[in-house]
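Report on the structure
Chain by chain, the residues:
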Amino acid sequence: MPPDDPGETMPADKTERRDLHTLTRGELQELLSGLGQPAFRAKQVEEWVWVRNARSFDEMTNLPKSLREELARRCTLGGVEEAARQVSSDGSRKYLLRLSDGVSVECVGMPSRNRLAVCASTQAGCPMGCAFCATGAAGLTRSLTAAEIYEQVMHVRDDFNARVTSVVLMGQGEPFLNYDETLAALRRLNSPEGAGIGARHLTVSTCGVIPQIMRFANEPEQFTLAVSLHSAVQRTRNALMPGVRKYSLVNLYNVMGEYVSKTGRRPTYEYALIGGVNDTDAELQALCDFCEGTLAHVNLIQLNEVEGSKFRPSTELRAQDFVRRLANVGVEATVRNSRGADIDAACGQLKQRILRS
Ligand code: SAH
Ligand code: SF4
């Protein structure tokens, strides 16, 4: 069939075309050599796909026009489309992105001075059902592919037209229930043949899926780990985070010890302060006991209010008590300011939506 006859070769159904993000280097080389192309083309195409985040084949100006047309007939460049964008008074931007099957996810860009941090999702929705989290309320729609995780970051980069300096996988979903795709996305974000972001500036946040924490400790890269703790009292944690009830705090304590001895890296514990629930004296004492003598950083967050939830944030004064008491037992703690709360873009405020096209 003549390659310059799009009417003849265009697949009837768009879904028959393969997303270039899903091809391995070997598969891409095979595709290109089948089209009579020299070996160096694969690298050129990969650079357009991963480094430049090309949105159309026309942009690929160093490829012959006939090849661009042939690729457009056979392949796609991913299916992430911006469905909505909101801008916070603090400059953060929240994006609602529609994926190729109509499922949507949210991600957030947070600029500050000459930095740009991105908060990306690893699943559409989340099955863990944490009581204080808007994402957990609607359950899981599906896990994301590595390319879909990666493309969120590139979308934010292109919208700000600025280099992304760090990524936190703290959007929707539990990354360790989607381990392989999350790791593949992190590797591409880290790679010079991708976004080129230093491994230490790539953070995974887990609600504490213990087997995967050990697996993560054994990865060769120096990615950063954050664990959502939210209470060091078993009963409180069970109520707040029913999805990790089967992984007890004792086991979490032990695995974090192993993580630190294996990696030498300091993990972060996320602790959203909820008035009268996990900010009492007994809770503070338990938190001090859990962290004392370990290598850890405690990130205290004032609970972000979620529509329909009975939970309220603690007072600022109480947060400062936590910082002081933790410091007294030698544990570094900071109170983190939430970004984008006015547009529901802060931690735990990302809701699951299904878009109909
Ligand atoms: N599932 C992973 C990562 C996504 S949630 C995890 O749970 O770690 C990202 C962070 O937001 C977690 O620390 C989570 O506990 C926190 N979070 C969820 N709901 C929140 C809320 N309403 N206020 C403040 N933080 C919240
Ligand atoms: Fe899922 Fe994390 Fe929300 Fe819990 S806090 S429901 S694990 S996204």
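Please read all numbers here as calculations on a predicted model, not as lab measurements.

**Brief notes about the overall build of the protein chain**
Broken down by element type, the protein chain carries twelve helices and 14 strands. The dimensions of the protein chain, computed from C-alpha atoms along their principal axes, are 75 × 40 × 40 Å. Sorting the 357 residues of the protein chain into buried and exposed places 52% on the buried side. Look at the contacts in the protein chain between residues 6 or more apart in sequence, and 65% of them connect residues 24 or more apart. Summed over its atoms, the accessible surface of the protein chain is roughly 16,200 Å², and 49% of this surface lies on carbon and sulfur atoms. Taken as two groups, the 42 positive and 43 negative side-chain charges of the protein chain have centres that lie 3 Å from each other.

**Brief notes about the nonpolar core**
Within the largest apolar cluster, 98 residues are counted, with the highest numbers of intra-cluster contacts made by Leu-20, Leu-71, Phe-132, Val-167, Ile-213, Phe-216 and Leu-252. Taken domain by domain, the makeup of this core includes at least three residues from each of domain 1 (18-76) and domain 2 (93-343). Non-local contacts of Ile-213, meaning those with residues more than four positions away in its chain, are made with Phe-176, Thr-206, Gly-208, Leu-225, Val-227, Leu-252, Val-255, Met-256 and Tyr-259. Of all hydrophobic cores here, the second largest spans five residues; its members include Met-110, Cys-119, Met-170 and Ala-226.

**Details of helix 11 (residues 281-291)**
In an α-helix, one full turn covers 3.6 residues, which means residues spaced three or four apart are oriented alike. When helix 11 is considered as a whole, its buried residues turn out to be Glu-283, Leu-284, Ala-286, Leu-287, Cys-288, Phe-290 and Cys-291. Of the residues flanking the end of helix 11, it is Gly-293, one or two places downstream, whose phi is positive at about 80°.

**Some words on helix 8 (residues 210-217)**
Every buried residue of helix 8 is accounted for by Ile-210, Gln-212, Ile-213, Phe-216 and Ala-217. Buried residues of helix 8, seen end-on, are gathered within an arc of 160° and therefore sit on one face of the element. On its buried face, helix 8 is in contact with helix 7 (179-190), strand 10 (202-206), strand 11 (224-228) and helix 10 (249-263).

**Overview of the pattern of salt bridges**
Under the criterion given, the structure shown has 23 salt bridges. One salt bridge connects Glu-46 with Arg-25, and the closest N-O pair in it is separated by 2.7 Å. Of this pair, Glu-46 sits in helix 3 (residues 41-51) while Arg-25 sits in helix 2 (residues 25-34), placing them 21 residues apart in sequence. Look at Glu-46 and you get buried, because its relative accessible area is 11%. Overall, Arg-25 belongs to the partly exposed group, its relative accessible area being 32%. Here the salt bridges share partners, and the residues they tie into one network are Arg-25, Lys-43, Glu-46 and Glu-193.

**Some words on the layout of surface pockets**
Here the largest pocket defines a volume of roughly 940 Å³. Broken down by element, the lining of the largest pocket gets its largest block of residues, four residues, from strand 6 (residues 115-119). For the lining of the largest pocket, the per-class residue count stands at 16 nonpolar, twelve polar and seven charged.

**Re the domain arrangement of the protein chain**
When its domains are assigned, the protein chain resolves into domain 1 (18-76) and domain 2 (93-343). Relative to domain 2, the C-alpha centre of domain 1 lies at a distance of 35 Å. Of the roughly 820 Å² buried at the junction of domain 1 and domain 2 (both faces included), carbon and sulfur atoms supply 43%. A per-residue breakdown of the area domain 1 buries against domain 2 is headed by Trp-50, Val-51 and Asn-53, which together make up 64% of the total. Here domain 1 and domain 2 share three salt bridges between them. Put simply, Arg-25 and Glu-193 hold a salt bridge, and the shortest N to O gap is 3.7 Å.

**What to know about the site of ligand 1**
Around ligand 1, the surrounding shell holds 19 residues, and the nearest of these are Phe-132, Gly-173, Ser-205, Ser-228 and His-230. At 2.9 Å from a nitrogen atom of ligand 1 is found a main-chain nitrogen or oxygen belonging to Phe-132. Measuring from an oxygen atom of ligand 1, one finds a side-chain N or O atom of His-230 at 2.4 Å. When ligand 1 is considered free in solution it has 530 Å² of accessible area, and contact with the protein chains removes 96% of it.

**With respect to the site of ligand 2**
Ligand 2 sits among Cys-126, Met-128, Gly-129, Cys-130, Cys-133, Gly-136, Gly-173 and Cys-207. Residues belonging to the shell around ligand 2 are distributed by class as follows: five nonpolar, three polar and no charged.

**Side note on unusual backbone geometry**
Of note in the backbone geometry, Asn-161 takes a positive phi value of approximately 50° without being a glycine. Checked against the element boundaries, Asn-161 lands in the loop between helix 6 (146-160) and strand 9 (166-169). The backbone phi angle of His-230 is positive, close to 65°, even though this residue is not glycine. Mapped onto the fold, His-230 is located in the loop between strand 11 and helix 9 (234-240).

**Side note on the packing of helix 8 against helix 10**
Running from N to C, helix 8 and helix 10 point in directions that differ by 5°, and their axes come no closer than 9 Å. As summarised for this structure, helix 8 and helix 10 are arranged roughly parallel, according to the angle between their axes. Residues Ile-210, Ile-213, Met-214, Phe-216 and Ala-217 of helix 8 form the contact with helix 10, whose participating residues are Asn-251, Leu-252, Val-255, Met-256, Glu-258, Tyr-259, Lys-262 and Thr-263.

Cut-offs applied
Residues numbered from 1 in each chain as written. Chains lettered and ligands numbered in written order. Predicted model: local features only at pLDDT ≥ 70, side-chain atom pairs only at ≥ 80, totals over all residues. Heavy atoms only, no water. Helix = DSSP H or I, 4+ residues; strand = E, 2+ residues; numbered from the N terminus. Buried < 20%, exposed > 50% of the residue type's maximum accessible area, 1.4 Å probe, protein only. Contact = heavy atoms within 4.5 Å. Areas by Shrake-Rupley, 256 points an atom, 1.4 Å probe, with all protein chains shown as cover. Lys, Arg positive; Asp, Glu negative; His and termini not counted. Charge placed at Lys NZ, Arg CZ, Asp CG, Glu CD. Core = buried A, V, L, I, M, F, W, Y, C linked by side-chain atoms within 4.5 Å. Domains from an automatic or database assignment. Arc of directions from axis to C-beta. Salt bridge = Lys/Arg side-chain N within 4 Å of Asp/Glu carboxyl O. 1 Å grid on protein atoms, 1.4 Å probe; cavity = no way out; pocket = protein on both sides within 12 Å on 5 of 7 lines; lining within 4 Å. Points joined across faces, edges and corners; volume = space filled by probe spheres on them. Nonpolar A, V, L, I, M, F, W, Y, C, P; charged D, E, K, R; others polar. Buried area = accessible area lost by both parts, 1.4 Å probe. Near = heavy atom within 4 Å. Polar contact = N/O pair within 3.5 Å; in protein donor to acceptor, adjacent residues only side chain to side chain. Axes fitted to C-alpha atoms, helices over the stretch in contact; angles between N-to-C directions. Parallel < 35°, antiparallel > 145°, perpendicular 65-115°, else oblique.

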